[in-house]
Amino acid sequence: NKTYWKIDENDVTQFLNKKMTKIFETHKLGITESDDWKIKWSFDKDKNQLIKRGIDTFTEKTYKITYHLTLIE
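Residues numbered from 1 in each chain as written. Predicted model: local features only at pLDDT ≥ 70, side-chain atom pairs only at ≥ 80, totals over all residues. Heavy atoms only, no water.

1. A closer look at the nonpolar core
Then step 1. One finds W5, V12, I39, W41 and L50 forming the largest nonpolar core, which totals five residues.
Then step 2. Not counting chain neighbours up to four residues away, the residues in contact with L50 comprise W5, I7, V12, W41, S42, F43, I65, T66, Y67 and L69. (Core = buried A, V, L, I, M, F, W, Y, C linked by side-chain atoms within 4.5 Å. Buried < 20%, exposed > 50% of the residue type's maximum accessible area, 1.4 Å probe, protein only. Contact = heavy atoms within 4.5 Å.)

Okay, structure coming up:
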């Protein structure tokens, strides 16, 4: 499954198409919190990886998703 990402200074945007005209989700790099979740987005430039870590603040269960990115032209 291919996903398309644009990473700016503080924003992470996921697109539904290769032309990057249909936005699926937008997130901020760093930590965001809601009632039940604490989410941290980070970008490792050296490894070209986008990482999403989450913790359920009620149950304290955690998860980590690593996206290995490739450049498209």
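On we go.
2. Focus on the environment of D36
Then step 1. Assignment of secondary structure puts D36 in the loop between β4 (30–33) and β5 (37–44).
Then step 2. Residue class for D36 comes out partly exposed when judged on its relative accessible area of 45%.
Then step 3. Remark: the alpha-carbon pair of D36 and F58, spanning 22 residues in sequence, is separated by 6.3 Å.
Then step 4. Look past the residues within four positions of D36 in its chain and what remains in contact with it is I55, D56, T57 and F58. (Helix = DSSP H or I, 4+ residues; strand = E, 2+ residues; numbered from the N terminus.)

3. Regarding the sheet that holds strand β3 (residues 23–28)
Then step 1. Pairing within the open sheet is antiparallel, and its three strands lie in the order β1-β2-β3. The sheet is open, and its two borders are formed by β1 (4–7) and β3, each paired with just one other strand. For this sheet, the mean inter-axis angle between neighbouring strands, taken without regard to orientation, is 20°.
Then step 2. In this structure, β1 lies alongside strand β2 (residues 11–15), joined through four bridges in antiparallel fashion. Bridge pairing in β2 links I7 to V12. (Pairing = 2+ DSSP bridges. Axes fitted to C-alpha atoms, helices over the stretch in contact; angles between N-to-C directions.)

4. Looking at the packing of aromatic side chains
Then step 1. For the structure shown, the criterion picks out four aromatic pairs.
Then step 2. When the ring of W37 is compared with that of Y63, the centres are 5.7 Å apart and the planes differ by 70°; the resulting orientation is edge-to-face. Of this pair, W37 sits in strand β5 while Y63 sits in strand β7 (residues 62–68), and the two are 26 residues apart along the sequence.
Then step 3. Taking relative accessible area as the criterion, Y63 reaches 28% and is therefore assigned partly exposed.
Then step 4. With a centroid separation of 6.5 Å and an interplanar angle of 10°, the aromatic rings of W41 and Y67 are classed as stacked. Residue W41 is located in strand β5, and its partner Y67 is located in strand β7; the two are separated by 26 residues in the primary sequence.
Then step 5. With relative accessibility at 3%, the residue W41 sits in the buried group.
Then step 6. Aromatic rings pair up to connect W5, W41 and Y67 into one cluster. (Phe/Tyr/Trp six-rings, centres within 6.5 Å; stacked < 30°, edge-to-face > 60°.)

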